[in-house]
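# Working through the structure, step by step
The chain contents come next:
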Amino acid sequence: MIMDGLAGTLTNKQKLSDILSAFPDDGIDHAFGYGSGVFVQEETEEITNSNRNNHNDAMVDIILSVSNPTAWHHQNLERNSNHYAALPRTFGSTFISTVQNQGAGCYFNPMVQIETQAQTQIQARPEPASEPASSPSLNSRRFERLVKYGVISTSTLKNDLMHWESMYIAGRMHKPVLHLELPSSASASSASASSSSGDEILELQEEYNLRYALSTGLLLLPLHSSYNSYSSSNSMDKHITENIRATSTDEFEYGFAHKHKHQYQLSHLFECIAGISYINDPRIAAGAEDPNKIQKLVNSSGQLQRFHSLYKNQLSNLESMGLMSVVNTSTTTSASATSTCNGSAVEIQMDLNDTSVRKALYDNLPKNVQHFITASRKNKNNNINDTNVKMDLPSDNDMNEDVILFARDLTVTLGKIVGPPARIQSAKGIISAGIFKSIQYASSKLTKGIFRNVKA
């Protein structure tokens, strides 16, 4: 569970729960907040009480997992019809659910103004010396917060967590999010069912999604290390963009294989994990994202600690299996995977040249990822004559090169999972948000991405 008391928290659970009260709570099984409106995503920025209000204009992203999308949208149309564009508002909840089921199975209402409550502290009046000092009082005021919320069926979310069918929401949950407490106004039976489904989502997140993500990140680490070996400015973000282009060709650089290292900063592992769901994402290809987004997701204030809190159980499991170890390089002593994260001083030690290590990590991947990789390698073996290039599963020959080859094949496979549903989701925005709001939203994203690219 992610802590919200760390540095860099912009919107806490209480404020997000206040936003949830605007929605019909009957049928919501789980909800979480994420993105730059919840956690700061600027590496150099310290958030203080004096400048926190500057971030109140940032849009808050929320995902709602509901048991029956058609019924929930029907209730929400009655309560918040202005959240929907003209077309879905006209055709109703059945139409909305049909649109939702396309692509990754998520329906977004972006740039919605929701009234929330904020509490500000009022300084107590000075009292005479003879009188005891009075405590500051809290003053509540209402203001509107810009929100983008996505609705997904609980069954679709569970399947994504267990099988990485699209990685659209499972990918968001690879990174720190704030899981929210649901309003208690629903009926007792409904609340009990929602609580049970919500608990199951968190269990699947830990048992499957985080385990997949950690093993994937470890297998991708050689690519991260190789790209960073050229220049400090070559981040994982650039690696992803380069590898997206590489998916359409057989060309790939192997010259850096001999530089492969087996000791990695923990932050680099988390950058690999944070980048998984962006591989082949159309927003990256269109330049609609900050080119340094992945580094900021990991290295902004409080984020490294949140990532470590999220993955510490999975790190401990792999450590107990002897697949890797966590080392505190500042003291040259072994560090527990569950101990407090101290930034770049904590490193992962792992021998990916050991085929048993790679095989164990491979076995931790979702079955569909394994099948994609196996089929891809069989196809390449049938069409390749150069016996010096090993395209089979990790072997004892030419191991350094095969580590890179396997990481590349894994990246291509992930792109095949992420890309198609992500493109459909982007296209759905014209219907769900309407043309005007879609243009407004896309323009803001493109402007942000272009500005960041120029700045970089």
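What counts and how
- Residues numbered from 1 in each chain as written.
- Predicted model: local features only at pLDDT ≥ 70, side-chain atom pairs only at ≥ 80, totals over all residues.
- Heavy atoms only, no water.
- Helix = DSSP H or I, 4+ residues; strand = E, 2+ residues; numbered from the N terminus.
- Buried < 20%, exposed > 50% of the residue type's maximum accessible area, 1.4 Å probe, protein only.
- Arc of directions from axis to C-beta.
- Salt bridge = Lys/Arg side-chain N within 4 Å of Asp/Glu carboxyl O.
- Core = buried A, V, L, I, M, F, W, Y, C linked by side-chain atoms within 4.5 Å.
- Contact = heavy atoms within 4.5 Å.
- Polar contact = N/O pair within 3.5 Å; in protein donor to acceptor, adjacent residues only side chain to side chain.
- Phe/Tyr/Trp six-rings, centres within 6.5 Å; stacked < 30°, edge-to-face > 60°.
- Axes fitted to C-alpha atoms, helices over the stretch in contact; angles between N-to-C directions.
- Parallel < 35°, antiparallel > 145°, perpendicular 65-115°, else oblique.
- Nonpolar A, V, L, I, M, F, W, Y, C, P; charged D, E, K, R; others polar.
- Pairing = 2+ DSSP bridges.
- pLDDT = per-residue confidence, 0-100.
- Left-handed = near helix turned anticlockwise from the far one by under 90°.

### Section: the overall build of the chain
Looking only at helices and strands, the chain features 15 helices and 9 strands. Taking all 456 residues of the chain together, 52% fall into the buried category.

### Quick look at the pairing of strand β2 (residues 60-66)
Each regular strand displays side chains that alternate between the two surfaces of the sheet. Counting buried positions along β2 yields 7 of 7 residues, so the element is predominantly enclosed. Residue alternation in β2 divides its side chains into two sets, Val60, Ile62, Leu64 and Val66 and Asp61, Ile63 and Ser65, and both sets are buried.

### Thoughts on helix α4 (residues 93-100)
Within α4, the full set of buried residues consists of Ser93, Ile96, Ser97, Val99 and Gln100. Along the long axis of α4, the arc covered by the buried residues comes to 160°, so they all point the same way.

### Let's talk about the pattern of salt bridges
Within this structure, the stated rule accounts for 5 salt bridges. Salt-bridge contacts for Glu200 lead to Lys158; the nearest nitrogen and oxygen are separated by 2.7 Å. Here Lys158 lies in helix α5 (residues 154-163) and Glu200 lies in helix α6 (residues 188-228), a separation of 42 residues in the sequence. Looking at Lys158, the relative accessible area reads 15%, which means it is buried. Put simply, Asp363 and Lys359 hold a salt bridge, and the shortest N to O gap is 3.1 Å. One end of the pair, Asp363, and the other, Lys359, are both in helix α12 (residues 355-363), 4 residues apart, so they sit about a helical turn from each other. Judged by relative accessible area, Asp363 falls into the partly exposed class, the value being 39%.

### A closer look at the nonpolar core
With 68 residues, the main nonpolar core has Leu218, Leu269, Tyr311 and Met350 as its most contacted residues. Of all the elements, α6 adds the most residues to this core, at 11 residues. Not counting residues up to four positions away in its chain, the partners in contact with Leu269 are Leu214, Gly217, Leu218, Leu221, Leu315 and Ile348. Counting 26 residues, the second-largest nonpolar core is a separate cluster that includes Leu20, Ile62, Tyr149 and Val151.

### A look at the side chain of Glu271
Note that Glu271 resides in helix α8 (residues 266-275). A distance of 3.1 Å separates a polar atom in the side chain of Glu271 from a polar atom in the side chain of Asn299.

### Details of the packing of aromatic side chains
Taken as a whole and assessed by the stated rule, the structure comprises 11 aromatic pairs. Ring centres of Phe108 and Tyr168 lie 6.3 Å apart, and the angle between their planes is 65°; this geometry places the pair in the edge-to-face category. Here Phe108, found in strand β3 (residues 106-122), pairs with Tyr168, found in the loop between α5 and β5 (178-179); they are 60 residues apart in sequence, far enough to count as distant. Aromatic side chains Trp164 and Tyr212 sit 5.5 Å apart centroid to centroid with 80° between the ring planes, which places their arrangement in the edge-to-face category.

### A few points about the packing of α8 against helix α11 (residues 303-320)
Relative orientation of the contacting elements α8 and α11 amounts to 85°, with a least axis distance of 11 Å. Considering their axes alone, α8 and α11 lie roughly perpendicular with respect to each other. Judged by residue contacts, Leu266, Ser267, Leu269, Phe270, Ile273 and Ala274 of α8 engage Leu304, Phe307, His308, Tyr311 and Leu315 from α11. Here the contact of α8 with α11 is built from residues that sort into 9 nonpolar, 2 polar and no charged.

### Quick look at the pairing of strand β9 (residues 346-349)
Here 3 bridges tie strand β6 (residues 263-265) to β9, and the two strands are oriented antiparallel to one another. Bridge pairing links Gln265 to Glu347 in β9. As judged from the 4 bridges shared by strand β7 (residues 325-328) and β9, these two strands associate in the antiparallel manner. Residue pairing for β9: Ser325 is matched across the bridge by Gln349.

### Some remarks on the environment of His83
Checked against the element boundaries, His83 lands in the loop between α2 (69-80) and α3 (86-91). Separated by 66 residues in sequence, His83 and Tyr149 place their C-alpha atoms 9.9 Å apart. Once residues within four sequence positions are removed from consideration, His83 is found in contact with Phe23, Asn76, Asn109, Val112, Gln113, Ile114 and Tyr149.

### Concerning the confidence of the model for the chain
For the chain, mean pLDDT is 78; residues scoring 70 or higher make up 68% of the total. Mean pLDDT values for the elements of the chain range from 46 in helix α7 (residues 236-246) up to 98 in α5. This stretch, residues 243-261, has a pLDDT under 50; its non-local contacts, to residues over four places away or in other chains, come to 34 contacts. Per-residue pLDDT stays below 50 along residues 384-399; that stretch engages in 33 contacts with residues further than four places along the chain or on separate chains.

### Structural notes on the packing of α2 against α4
At a closest axis distance of 8 Å, the pairing of α2 and α4 adopts a crossing angle of 130°. Classified by the angle their axes make, α2 and α4 are oblique. Considering how the two elements wind past one another, α2 and α4 form a crossing that is right-handed. Contacts from Pro69, Thr70, His73, His74 and Leu77 of α2 reach α4 at Ser93, Thr94, Ile96, Ser97 and Gln100. Partitioning the contact of α2 with α4 into residue classes produces 3 nonpolar, 7 polar and no charged.

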